[in-house]
Amino acid sequence: MGGHAGSEEFRQIWATRPVHAPGHRTKTLDHPETGTLRLNCDVLLVPEDDQEVVLITADPGSPAARTLHRLARQAA
């Protein structure tokens, strides 16, 4: 399944169908270790490359942002 075959986190996010059309959405991800995360999902079109870029972020200072920082430190 392409480059995401080894990433359970990516599969979970992809299952929420983050790529539809450009714009901003809010997604809820149920992480197996940390619980529910409320995330921002922004879709940007790159028409010259016929691609879409999906940015998944958390509001600064939010519980989700703190959780993402903690997960990033654990992965390092």
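Every value quoted in this text rests on a predicted model; they were computed, and no experiment measured them. (Residues numbered from 1 in each chain as written. Predicted model: local features only at pLDDT ≥ 70, side-chain atom pairs only at ≥ 80, totals over all residues. Heavy atoms only, no water.)

A.B. asks: Please clarify how the overall build of the chain should be interpreted in this entry.
C.D. replies: The helix and strand inventory of the chain stands at 2 helices and 3 strands. Beginning at the N terminus, the succession of helices and strands in the chain can be written as α-β-β-β-α. Within the chain, the proportion of its 76 residues that are buried is 24%. Pairs at least 24 residues apart make up 21% of the contacts formed inside the chain by residues separated by at least 6 positions. (Helix = DSSP H or I, 4+ residues; strand = E, 2+ residues; numbered from the N terminus. Buried < 20%, exposed > 50% of the residue type's maximum accessible area, 1.4 Å probe, protein only. Contact = heavy atoms within 4.5 Å.)

A.B. asks: It is not clear to me how helix H2 (residues 63-75) should be interpreted in this structure. Could you clarify?
C.D. replies: Think of an α-helix as turning once every 3.6 residues; residues three or four places apart then point the same way. A rise of 1.5 Å per residue sets the reference length of H2, with its 13 residues, at 18 Å; its end C-alpha atoms lie 18 Å apart and thus fit the reference within 8%. What H2 keeps buried is the set Ala64, Ala65, Thr67 and Leu71. Seen end-on, H2 carries its buried residues on one side only, within an arc spanning 160°. Among the exposed residues of H2, those oriented more than 90 degrees off its buried face are His69 and Arg73. Where H2 is buried, its residues touch strand E1 (23-31) and strand E2 (35-46). (Expected span 1.5 Å × (residues − 1). Arc of directions from axis to C-beta.)

A.B. asks: Help me understand a negative patch on the surface, please; the structure alone is not making it clear to me.
C.D. replies: On the surface, Glu48, Asp49, Asp50 and Glu52 cluster together into a patch of negative charge. Summarising the element assignment, Glu48 is placed in the loop between E2 and strand E3 (51-57). (Patch = residues over 30% accessible without salt bridge, like charges linked within 9 Å, V, L, I, M, F, W, Y side chains within 5 Å. Areas by Shrake-Rupley, 256 points an atom, 1.4 Å probe, with all protein chains shown as cover. Salt bridge = Lys/Arg side-chain N within 4 Å of Asp/Glu carboxyl O. Lys, Arg positive; Asp, Glu negative; His and termini not counted. Charge placed at Lys NZ, Arg CZ, Asp CG, Glu CD.)

A.B. asks: It is not clear to me how the sheet that holds E3 should be interpreted in this structure. Could you clarify?
C.D. replies: Consider a sheet: its strands pair through backbone hydrogen bonds, and that pairing is either parallel or antiparallel. Strand order in the open sheet made by the 3 strands is E1-E2-E3, with antiparallel pairing throughout. Pairing within the sheet leaves two strands with one partner each, and these edge strands are E1 and E3. On average, each strand axis in the sheet is tilted by 30° relative to the strand beside it, whichever way the strands run. Relative to E3, E2 runs antiparallel, the two sharing 7 bridges. Paired with Asn40 across the bridge in E3 is Thr57. Sitting on the sheet, H2 touches E1 and E2, and the angle it makes with E2 is about 85°. (Pairing = 2+ DSSP bridges. Axes fitted to C-alpha atoms, helices over the stretch in contact; angles between N-to-C directions.)

A.B. asks: Explain the pairing of E2 to me, please; I cannot follow it from the model alone.
C.D. replies: For a regular strand, side chains alternate in direction, first toward one face of the sheet and then toward the other. With 9 bridges joining them, E1 and E2 adopt antiparallel strand pairing. The residue of E2 that forms the bridge with Leu29 is Leu37. Following E1, the chain reverses through 3 residues before pairing antiparallel with E2. What sits between E2 and E3 in their antiparallel hairpin is a turn of 4 residues, with Asp50 showing a positive phi close to 55°.

A.B. asks: Looking at this model, I keep getting lost on a nonpolar patch on the surface. Mind explaining?
C.D. replies: A contiguous nonpolar patch, built from Leu44, Val53 and Leu55 and spanning about 220 Å² of accessible area, is present on the exposed surface. Residue position: Leu44 is located in strand E2.

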